Amino acid sequence: LKHSISPLTTSDRKQAPQHHKTKVKKVLKHSISPMTFEERKDGAAEDGEGDLMVTARRDRRLSRASVKFFQVETSMRNLSIGSASDGGLVDSEGKVRDEYILQRQSVNRPTKLKKIPLLCDLTTSGQITHVDGWVFAMLLVSGFAKMSSKTNELNTINVFPIADGDTGANMKVCLKLPVRNLLLKPNDNIMTASREMAADVLLNGQGNSGTILSHFFVELAEAVKEVNKSDMSVDEFTSCLIKAGVRMDSAVPNPVQGTLLSVSRDALVGLEKQRPFATLDVLLKAMHKSCQIELAKTPDQLIVDGVKVLEKAGVVDSGAQGFAYLAEGMYLASIGELPNVEPRLFHTATLTTSDDSPPISVDHTVCDSKYRYCTEAVVMLKEGVTPNVVFDSVQKAASQEGIGDSSVFVKGFDMVKIHMHTNDPDQLFDILQPFNRDPILKKEKVEDMLDMRESMHGDETLDLADAKFTIMGLCSYVLPKITYDLDELHTLPIFAVPSTTQEPIDMRFVSDEDVCVLLNQQRHKDTAIRYTTAAPNPMQLKIEILAALTKGKPLLVFLFSADKRISATGRNTMVAIDMLEDEQKKLVKVFVHGWTFYEQPFLTEAIKFAEGGKSIDEAIEACKEIGDHCFSFSNFVTSSSVRKLMAWRPGMFPEGFMVEDNSFIAFGLPVTTRDVVMPLAERVGKLMTVQNKAMSMVDLQHAEIARVKDNLKPDEKLSKVIVQTIGRIDIGHKFLQKMKDANVPMMDDVELSVCNAGIFSVVVSAWGEMAAVYVVKKV
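What you see is a predicted model, and the numbers here were worked out from it, not measured in a lab.

Cut-offs applied
Here the residue numbering is sequential within each chain, running from 1 through the sequence in written order. pLDDT decides what is reported in this predicted model: residues at 70 or higher carry local features, side-chain atom pairs at 80 or more are listed and counted, and totals for whole chains, interfaces and linings draw on all residues regardless. Here the side-chain values reflect all heavy atoms present in the structure, with hydrogen atoms and water set aside. Only DSSP runs of H or I reaching four residues or more are called helices, and only runs of E reaching two or more are called strands; each is numbered from the N terminus. The contact criterion used throughout is that any non-hydrogen atoms of two residues lie within 4.5 Å. For every accessible area listed, the method is Shrake-Rupley and the probe measures 1.4 Å; residues are considered covered only by the protein chains on display. Patch definition: residues with relative accessible area over 30% and no salt bridge; like charges joined within 9 Å; nonpolar side chains (Val, Leu, Ile, Met, Phe, Trp, Tyr) joined within 5 Å. A side-chain nitrogen of Lys or Arg and a carboxyl oxygen of Asp or Glu constitute a salt bridge if their distance falls within 4 Å. The pairing test for Phe, Tyr and Trp rings, Trp by its six-membered ring, is centres within 6.5 Å, and the orientation test on the planes gives stacked under 30 degrees, edge-to-face over 60, and tilted for anything in between. Summary of the burial criterion: residues with accessible area below 20% of their type's maximum are buried, those above 50% are exposed, and those between are partly exposed, where the area comes from a 1.4 Å probe applied to protein chains only. To sit over a ring, a charge needs its Lys NZ or Arg CZ within 6 Å of the ring centre and within 35 degrees of the ring normal. For two strands to be treated as a pair, DSSP must find no fewer than two bridges joining them. Take the buried Ala, Val, Leu, Ile, Met, Phe, Trp, Tyr and Cys residues and link them wherever side-chain atoms come within 4.5 Å; each set so joined is a nonpolar core. Here an axis means a line fitted to C-alpha atoms, over the contact stretch when the element is a helix, while the angle between two N-to-C directions is reported on a 0 to 180 degree scale. In a helix, the anticipated span is given by 1.5 Å times the number of residues less one. Here the term cavity refers to a set of points on a 1 Å grid, laid over the protein atoms alone, in which a 1.4 Å probe fits but cannot get out; the term pocket refers to an open set having protein on both sides within 12 Å along at least five of seven lines, with lining residues being those that place an atom within 4 Å of a point. Grid points are joined across faces, edges and corners, and a volume is the space filled by probe spheres set on the points. Charged means Asp, Glu, Lys or Arg here, nonpolar means Ala, Val, Leu, Ile, Met, Phe, Trp, Tyr, Cys or Pro, and polar covers whatever is left, Gly included. In what follows, roughly perpendicular refers to angles from 65 to 115 degrees, roughly parallel to angles under 35, roughly antiparallel to angles over 145, and oblique to any angle outside these ranges. Each crossing gets its handedness from the near helix: less than a right angle anticlockwise from the far helix is left-handed, clockwise is right-handed.

Engineer: Give me the lowdown on the overall build of the protein, citing residues and values where you can.
Structural biologist: Of regular secondary structure, the protein possesses 31 helices and 21 strands. Summarising the internal contacts of the protein: among those between residues at least 6 apart in sequence, 78% fall at separations of at least 24. When the accessible surface of the protein is totalled, it reaches about 31,000 Å², and 51% of it is carbon and sulfur.

Engineer: Tell me about a nonpolar patch on the surface, and name the residues and values.
Structural biologist: A grouping of M539, I543, V575 and M579 is seen on the molecular surface, where their side chains present a nonpolar patch of about 300 Å² in accessible area. Here I543 shows up in helix α22 (residues 538-549).

Engineer: Give a detailed account of the packing of aromatic side chains, specifying residues and quantitative values.
Structural biologist: Two numbers describe a pair of aromatic rings. These are the distance of the centres and the angle of the planes. For the structure on display, the rule yields 12 aromatic pairs. Judged by centre distance (6.0 Å) and plane angle (55 degrees), the rings of F591 and F602 are tilted. Remark: F602 occurs in helix α25 (residues 600-611) and F591 occurs in strand β15 (residues 588-592); sequence separation between them is 11 residues. Exposure class is identical for F591 and F602. Each is buried. The rings of F558, F591, W595, Y598, F602, F631 and F633 are connected pair by pair, giving a single aromatic cluster. When the ring centre of F609 is taken as origin, the NZ or CZ atom of K614, which lies over that ring, is 5.1 Å away.

Engineer: Provide a residue-level description of the sheet that holds strand β11 (residues 495-498), including the pertinent values.
Structural biologist: Read across the open sheet, the three strands follow the order β12-β11-β13; overall the sheet is antiparallel. Either end of the sheet is taken by a strand with one partner, and the two such strands are β12 (505-506) and β13 (531-534). Examined bridge by bridge, β11 and β12 share two bridges and lie antiparallel to one another. Paired with F495 across the strands is D506, a residue of β12.

Engineer: So, the nonpolar core: which residues are in play, and what are the values?
Structural biologist: Counting 87 residues, the largest nonpolar core has L175 and L280 as the members making the most contacts within it. Other than its neighbours up to four places away in sequence, L175 contacts F144, M147, R180, M197, V201, L213, F217 and L326. Counting 67 residues, the second largest nonpolar core, distinct from the first, contains L489, V515, L556 and A610.

Engineer: Quick one: what's the story with the sheet that holds strand β20 (residues 746-756), residue by residue and with numbers?
Structural biologist: The strand order across the open sheet built from six strands is β18-β17-β16-β21-β19-β20, with neighbouring strands paired in mixed fashion. Both outer strands of the open sheet, β18 (690-694) and β20, are each paired with one neighbouring strand and no more. On average, each strand axis in the sheet is tilted by 15 degrees relative to the strand beside it, whichever way the strands run. In this sheet, strand β17 (residues 664-668) lies alongside strand β16 (residues 631-638) in antiparallel orientation, the contact comprising five bridges. Across the sheet, the residue bridging to N635 is F667, located in β17. Most of the contacts of α25 go to strand β19 (residues 716-725), to which it runs at about 110 degrees, and overall it touches β16, β19, β20 and β21 (770-778).

Engineer: So what about unusual backbone geometry? Which residues, and what values?
Structural biologist: For the peptide bond that leads from R275 to P276, omega is 5 degrees, which places it in the cis range. Here P276 is to be found in the loop between α12 (260-269) and α13 (280-301). In this structure, N662 takes a positive phi of about 55 degrees despite not being glycine. Secondary-structure assignment places N662 in the loop between α27 (639-648) and β17.

Engineer: Run through the pattern of salt bridges, naming residues and quoting values.
Structural biologist: If you walk through the whole model with that rule in mind, you get 38 salt bridges. With a shortest N-O distance of 3.3 Å, E447 and K445 are connected by a salt bridge. Residue class for K445 comes out buried when judged on its relative accessible area of 1%. Several salt bridges converge on common partners, so that one network encompasses D424, D426, E444, R523, R728, D730 and K734.

Engineer: Tell me what's going on with helix α11 (residues 234-246), and back it up with residues and numbers.
Structural biologist: Along an α-helix, residues three or four positions apart point the same way, because every turn accommodates 3.6 residues. Between its first and last C-alpha atoms α11 spans 19 Å; for 13 residues at 1.5 Å apiece the expected length is 18 Å, and the two agree. Extensive coverage of α11 is indicated by the burial of 10 of its 13 residues. Listed as buried for α11 are V234, D235, F237, T238, S239, C240, L241, I242, A244 and G245.

Engineer: Please provide a residue-by-residue account of the layout of surface pockets, values included.
Structural biologist: Counted as a void, the second largest pocket has a volume near 1,200 Å³. Those elements that provide at least two residues to the lining of the second largest pocket are α17 (425-432), α21 (512-522), β13, α27, α29 (697-711), α30 (729-741) and α31 (760-764). Among the residues making up the lining of the second largest pocket, the classes are represented as 19 nonpolar, 13 polar and 10 charged.

Engineer: If you had to explain empty space enclosed by the protein to someone new, which residues and values would you point to?
Structural biologist: With the rule as written, the count across this model stands at three cavities of 30 Å³ or more. By volume, the largest cavity is sized at about 160 Å³. What lines the largest cavity is a set of 14 residues, and nearest its centre among them are L140, F216, L241, M287 and M330. At the level of secondary structure, the elements contributing two or more residues to the lining of the largest cavity comprise α6 (133-149), α10 (207-227), α11 and α15 (318-334). Element by element, the count of residues in the lining of the largest cavity is highest for α15, at four residues. Here the lining of the largest cavity is composed, by residue class, of 14 nonpolar, no polar and no charged.

Engineer: Tell me about the pairing of β16, and please be specific about residues and values.
Structural biologist: Among the eight residues of β16, eight are classified as buried, and the element is accordingly described as predominantly covered. Burial along β16 is two-sided: the residues F631, F633, N635 and V637 and S632, S634, F636 and T638 are all buried. Here β16 pairs with β21 via six bridges, running antiparallel. In the strand pairing of β21, F636 is matched with M770.

Engineer: Account for the packing of helix α16 (residues 387-400) against α17, with residues named and values stated.
Structural biologist: Orientation of α16 relative to α17, taken along the N-to-C sense of each, is 150 degrees, at an axis distance of 10 Å. The pairing of α16 with α17 is recorded here as roughly antiparallel in orientation. The two elements α16 and α17 meet at a crossing, and its hand is right-handed. In this structure, α16 contributes V390, S393, V394 and A397 to the contact, and α17 contributes L428, I431 and L432. Along the lines of polarity and charge, the residues of the contact of α16 with α17 split into six nonpolar, one polar and no charged.

Engineer: Tell me about the packing of helix α8 (residues 167-184) against α10, and name the residues and values.
Structural biologist: Axis separation between α8 and α10 bottoms out at 7 Å; the angle between their running directions is 35 degrees. For the element pair α8 and α10, the recorded crossing hand is right-handed. Along its contact with α8, which presents T167, N170, M171, C174 and L175, the element α10 presents G207, S209, G210, L213, S214 and F217. Residue composition of the contact of α8 with α10, grouped by class: five nonpolar, six polar and no charged.

Right under this line is the structure:
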């Protein structure tokens, strides 16, 4: 593949006969994929290394046991290249095609590439005089590779507007899928490539930095469109970069100096004095140097309430540094000093590795925010609605009603993207909904910045290094990161299998950003797909158990059932333990609680006992007390999710169970202590006990809070309330506040926590749902 393409520079391609260019495309297609994904999906079964076999009958898996151990994303697939005539994300009228949003935005698209295609050789940039779609793609691949390698550093130096430690993650998620899509469907027309890149980043960009970065690529696509050429000279491309820089200020109502916005603007506008640029290498060197110069100014430029906050923190602006890394990656590729770009860069659910950045000492207390939630939305505009009408409405509410700050606006095609820091995301969503052409917004995102800051930089961390036992269970699926990001906690591997690809995804390593993308897809009928789960086989589990035992401590394994009729994971875990040597078996103890995925109270109790130096037997006794006598819950679900659960696990529901359309149901247990121990075999059957019904989530919450108060006896109080939300973490915090306002009896030292559910929620839940787990104690 490299031999076929490298000798042909961009300038050569422009001067070559058309048949030569077509031949190169054919070589590419033949070298990378002899048939498209659609053909593979409907054709004969494949059985490549690590593949899950797929039959000619769509959406049917032959074997779950073929999931290769430590497979952290999809099985090996070849890259499929579409022709330039194929439809794209954006049609000729500049409107987004709904049917393409799933395939382009999906983290599950088959992308486990054997190698990154070399669409052009940037080391020959001294000879490249024109920029087309292929050159554009390789520039972004190179820039993204460098920026992605510095994700941890960018998270660490993030202090403005709040030190929530997510700048690197947000910039990475903004570009990861869009850059991948440039490779999945390369187009040598720079207008098409830049246009679809812009639409992709508008859908995927999140956070303050990610949204501003998406604005840059939207403006760049507009500038490229104005030139109206399928390829352009390097100097014409420079003029597009400059125009995009000039237009950066339009992203926010009050541009702030010393940030991503000002650095990208000034660095690109500064190229004007150095024009004309004849070859690509000269442009990339100048852009890299210009970004470094502007970046160095940020500690002196960013002033908040009279304080140079970056200078005080000892850092440069994190978003601006991310943009500079993009430019640096392109420059390093041009001089042959960028490390090889690996396909792993675009994989989903990969184990995070640290970057090569040295330790950095940062003062993360220099900035604070009176708003808690980083909130975003994408609006598909109704006919006749202009972006400015939407922006004016949001800005009026922000300035006059004080609903939020840090507003960023991005417009592109028939979509607008809005970012805001607020204490009430519903206020923003309610303002936007009347302008949206569909009943629900195309994308919503809510993050708790205060919790993120605490988990990144707070003092409240756990130290289990001296614990007398280790723990294994559903840890990374159900616990907040602040507790499960520890060596002493091990998570059972479970796989999610999307119906579109049948390629298992290891749920342990799916990021919060990916979960947000998937949940938003599931909210729309045209992009929703069916998910199932696949259990690990006994050998996979044996290796996980052996890894946990390397610490030389006893291992406490949590299962909700060891009955093979109820849980394949539980059954296979018991088989795996039976495969151990006798001395190893003595170190493993299993606690079966019977309450399916509501494992949080048992894990947190065991963690508390481990941290306190207690024995594994003492932890088991405490967990048994909770499971037998003190455990209860409320599960708030929509009627659509109930139907999904009924199709997935019909045996969990009583015969003849019916649910009303567009209603909300609360399943749960009586919130009180139990004197009689319920047998494990009966517990699963109690999970679908209806406690309340309502026609809105708000009314259902009030009804459940009233039920909790009514159920608790005079000598009982709640000692623990753990709320797990589906996408909308703000709803969980509101629920806890409503409980406090209603004077629900709680212990003085009650443990309260809220966290978003992981990818499990994509399989069985819907956006905006939640579950509350209670532990009741007698006083």
